[in-house]
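One-letter residues, chain by chain:
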Amino acid sequence: MSEPSAKKQKMAGDAQPDIKFTQIFINNEWVDSVSGKTFPTINPCNGEKICDVAEGDKEDVDIAVAAAREAFKLGSTWRTMDASERGKLLGKLADVIERDREYLAQLETLDNGKPYHIAYAADLDLTIKCYRYYAGWSDKIFGKTIPMDGPFMTMTRHEPVGVCGQIIPWNFPLLMQAWKLGPALACGCTVVMKPAEQTPLTALYVASLIKEVGFPPGVVNIVPGYGPTAGGAISAHPNVDKVAFTGSTDVGHIIMETAGKTNLKRVTLELGGKSPCIILADADLDDAVQQAHDYLFFNHGQCCCAGSRVFVEESIYDEFVKKSVEKASKIKVGNPFDKNTDQGPQVDKDQFDKILDLIDSGKKEGAKLECGGKQVGDKGYFVEPTVFTDVSDDMRIAKEEIFGPVMQIMKFKTLDEVIERANKSNYGLAAAVFTKNIDRALMVAQGLQSGSVWINCQNAFLVQAPFGGFKESGIGRELSEYALHEYTEVKTITIKIPQKNS
């Protein structure tokens, strides 16, 4: 994910972008919450309030689901729209996001804390490409004719699953919104979405663009609020046919349980990770150091597939550690609107406190702190890029998802050993292996229990390839054609005919 150098020079400065939308979006209209309550969204650079946002809860979700159900009924504008027209709407949405790319990048940086040049070059680029990819799929979702025994003609239809509840995280707000809306709308579903309470602003602005380009009322509804209330109401709602969630494994368990206790709605989950990054002795060392660095520190370490367990073959371990510590020590932490900043603040105080607690646990449990480990400055949620060595597999920092700029570097001797250790985790989202030997690379890739394995690369979560996890890292797949399967039901239609001929 390279960034355009020219754009990196053209920064938005320190000016705060205007906040244009803070209400709930239902039926293509902006409304206050039924309760009248609001909640603050916080600037992670200083811990101060950006603005107040309408706080949706069960009553607001009920209204949004009713709107989505009305938009999905037989004979509605949305249900009778040609599939190619759905694709055109998704394409138009991509166009207006591209038109407003600079503003959206500013808003993402303000609300989330990621550097503006990264939001502009990476997040917005991937978001636009995602909508355009699914725009192309809209009229290419079809079933089969089946040569069934007997005097029958049999065919299948891939029909939209219905009203979809979608709950998205705070680490890539715009991109995760696109990952959810793209396939759902391409398939013809309707949506009730809850953005993360930490980062609701870009999701609400995209709602205004959805109305602008002409999506019918009720097709997309955005209800900001808190997880236990608004998110819980979506998960439990009897008129929601499917729920898609990206976030923590703990909350994923709750959503699965809730779906099981209510209407057995379909569930897809993209959850946590503790991804191994395996460096074999024959790898290009400088490239492997850079790749492992990017794999962990990208997005301040706030990435579900971050390579936070770095396993390095014994013969190159010391040199790898030396180069990695030098590189981590040079990361510039600071104002995310500064073009020279590499790392902004963590998203909120809870995440900030969790990271510092896990760093403290690493020190107490005997890991060697090579660099970092403290807060940067005296306000905001900035954490020093941190590297630990002498890490054992039973330490908290080697087992728990930190979701921050904290790298653990561990030593191994054999392929069998590292595969076994890499798989000794409740997670199985992603992994990477670096080597010049394709036989060894494929042996490792086949042995790892991970939904994605990247060979001599990392974080290649592009729209054309499926993404999702094994074990407690999730259920189902995001992206690519595979995501379409999560938003359709297969219906078999069989017709008796007088005579069947081949």
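Numbers given for residues are sequential positions, taken from 1 along each chain in its written order. Local features are withheld for residues below a pLDDT of 70 in this predicted model, meaning they are given only at 70 or higher, and side-chain atom pairs are given and counted only at 80 or more; totals for whole chains, interfaces and linings count all residues. To get the side-chain values, take all heavy atoms of the structure and skip hydrogens and water.

Attention now goes to the overall build of the protein chain. What counts as a helix is a DSSP run of H or I of at least four residues, what counts as a strand is a run of E of at least two, and both are numbered from the N terminus. When helices and strands are counted, the protein chain shows 17 helices and 22 strands. Along the first, second and third principal axes, the C-alpha set of the protein chain runs to 75 × 60 × 45 Å. Burial status follows relative accessibility: with a 1.4 Å probe on protein chains alone, a residue under 20% of its type maximum counts as buried, one over 50% as exposed, and anything between as partly exposed. For the protein chain, with 502 residues in total, the buried portion stands at 58%. The contact rule is simple, with two residues in contact once any of their heavy atoms fall within 4.5 Å. The long-range share in the protein chain, meaning contacts at least 24 apart out of those at least 6 apart in sequence, stands at 75%.

Take the side chain of Asn-221 next. In this fold, Asn-221 is placed in strand β9 (residues 220-222). Exposure remark for Asn-221: the relative accessible area of 0% places this residue in the buried category. With residues near it in sequence (within four places) discarded, Asn-221 still touches Phe-25, Ile-26, Asn-27, Ala-64, Ala-67, Ala-68, Val-191, Val-192 and Met-193.

A few words now on empty space enclosed by the protein. Put plainly, a pocket is an open set of points on a 1 Å grid over the protein atoms alone with protein on both sides within 12 Å along at least five of seven lines, a cavity is a set where a 1.4 Å probe fits but cannot get out, and a lining residue has an atom within 4 Å of a point. Grid points are joined across faces, edges and corners, and a volume is the space filled by probe spheres set on the points. Throughout the structure, instances matching the rule amount to 5 cavities of 30 Å³ or more. One number sums up the size of the largest cavity: a volume of about 70 Å³. Considering the residues around the largest cavity, the lining is formed by 14 residues, among which Gly-301, Ala-306, Ser-308, Ile-402 and Phe-403 are closest to the centre. When residues are sorted by character, Ala, Val, Leu, Ile, Met, Phe, Trp, Tyr, Cys and Pro go into the nonpolar class, Asp, Glu, Lys and Arg into the charged class, and all the rest, Gly among them, into the polar class. Across the lining of the largest cavity, the residue classes tally to 7 nonpolar, 4 polar and 3 charged. Taken together, Asn-171, Phe-172, Met-176, Trp-179, Thr-246, Glu-270, Cys-303, Cys-304, Cys-305, Phe-461 and Phe-467 make up the full set of residues lining the second largest cavity. Of the residues contributing to the lining of the second largest cavity, the split by class is 8 nonpolar, 2 polar and 1 charged.

Two strands qualify as a pair provided DSSP detects at least 2 bridges between them. Within the open sheet, the 7 strands sit side by side as β14-β15-β16-β13-β12-β18-β19. Their pairing is mixed. Of all the strands in the sheet, the pair left with one neighbour each is β14 (368-371) and β19 (452-455). Each adjacent strand pair in this sheet contributes to an overall mean axis angle of 25°, direction not counted. Pairing of β14 with strand β15 (residues 386-389) involves 3 bridges; the strand directions are antiparallel. The residue bridging Lys-368 from the neighbouring strand is Thr-389, located in β15. Axes here refer to lines fitted to C-alpha atoms; in helices the fit is confined to the stretch in contact. Angles between the N-to-C directions go from 0 to 180 degrees.

Moving on: the pairing of strand β10 (residues 242-246). Regular strands show a simple pattern: their side chains alternate between the two faces of the sheet. Along β10, 5 of the 5 residues are buried, which leaves the element largely enclosed by surrounding structure. With burial as the criterion, each face of β10 is covered, one bearing Lys-242, Ala-244 and Thr-246 and the other bearing Val-243 and Phe-245. Pairing of strand β7 (residues 163-167) with β10 involves 4 bridges; the strand directions are parallel. Bridge assignment links Gly-165 to a residue of β10, and that residue is Val-243. Looking at chain direction, β10 and strand β11 (residues 266-270) are connected through 5 bridges and run parallel. Residue pairing across strands places Val-243 opposite Val-267, the latter belonging to β11. Viewed with both strands pointing away, a crossover whose connecting path from the first strand over the helix to the second turns clockwise is right-handed. Once you follow β10 into helix α10 (residues 249-261) and on to β11, the crossover reads as right-handed.

Glancing now at the sheet that holds strand β5 (residues 145-146). Pairing in this open sheet of 3 strands is antiparallel, and the strands run β5-β6-β22 from one edge to the other. Bordering the open sheet on either side are β5 and β22 (488-496), each of which pairs with just one other strand. In terms of strand pairing, β5 meets strand β6 (residues 152-160) through 2 bridges, oriented antiparallel. When the sheet's bridge partners are listed, Thr-145 is paired in β6 with Met-155.

This part covers helix α11 (residues 285-297). Taking 1.5 Å per residue as the helical rise, α11 with its 13 residues ought to reach 18 Å, and the 18 Å between its terminal C-alpha atoms agrees with that figure. Of the positions making up α11, those classed as buried are Ala-288, Val-289, Gln-291, Ala-292, His-293, Tyr-295, Leu-296 and Phe-297. Lining the buried residues of α11 we find β12 (276-279), α12 (317-329), β15, β16 (406-412), β18 (430-434) and β19. What qualifies as a polar contact is a pair of N or O atoms within 3.5 Å, subject to a donor-acceptor requirement within protein and to the restriction that residues adjacent in sequence count only when both atoms come from side chains. Where α11 begins, the capping side chain belongs to Asp-284, and its oxygen is found 3.4 Å from the backbone nitrogen of Asp-286. Positive phi shows up at Asn-299, right after α11, with a value of about 60°. A helix's residues, less one, multiplied by 1.5 Å, set its expected span.

Roughly 1,300 Å³ of volume is contained in the largest pocket. Lining the largest pocket are 49 residues; nearest its centre among them are Gly-247, Ser-248, Thr-249, Asp-250 and Val-251. When residues of the lining of the largest pocket are assigned to their parent elements, the largest contribution, 6 residues, is made by α10. Here the lining of the largest pocket is composed, by residue class, of 18 nonpolar, 15 polar and 16 charged.

Right, let's get into the packing of aromatic side chains. When the centres of two rings from Phe, Tyr and Trp lie within 6.5 Å, Trp using its six-membered ring, the rings pair. Their planes under 30 degrees apart give stacked, over 60 give edge-to-face, and anything left gives tilted. This structure, assessed with the given rule, holds 17 aromatic pairs. Aromatic side chains Tyr-116 and Phe-337 sit 6.4 Å apart centroid to centroid with 25° between the ring planes, which places their arrangement in the stacked category. With Tyr-116 in helix α6 (residues 116-137) and Phe-337 in the loop between α12 and α13 (349-364), this pair connects stretches of sequence that are 221 residues apart. Of the residues examined, Tyr-116 reaches a relative accessible area of 0% and is grouped as buried. The exposure class assigned to Phe-337 is buried, which follows from its relative accessible area of 10%.

Among the buried residues, those of types Ala, Val, Leu, Ile, Met, Phe, Trp, Tyr and Cys that are joined through side-chain atoms within 4.5 Å form a nonpolar core. Within the largest apolar cluster, 110 residues are counted, with the highest numbers of intra-cluster contacts made by Leu-93, Tyr-134, Phe-215, Ile-279 and Phe-461. The greatest single-element share of this core, amounting to 14 residues, is contributed by α6. Phe-352, Leu-358, Val-391 and Ala-431 belong to the second largest nonpolar core, which has 27 residues in total.

Listed as buried for helix α15 (residues 415-423) are Leu-415, Val-418, Ile-419, Arg-421, Ala-422 and Asn-423. On its buried face, α15 sits against β12, β13 (309-313), β16, α16 (438-447) and β20 (470-471).

It is worth spelling out the environment of Lys-330 at this point. In this structure, Lys-330 sits in the loop between α12 and α13. Each C-alpha atom of the pair Lys-330 and Pro-385 lies 9.0 Å from the other, and the pair is 55 residues apart in sequence.

Nothing here speaks to function; it is geometry throughout.
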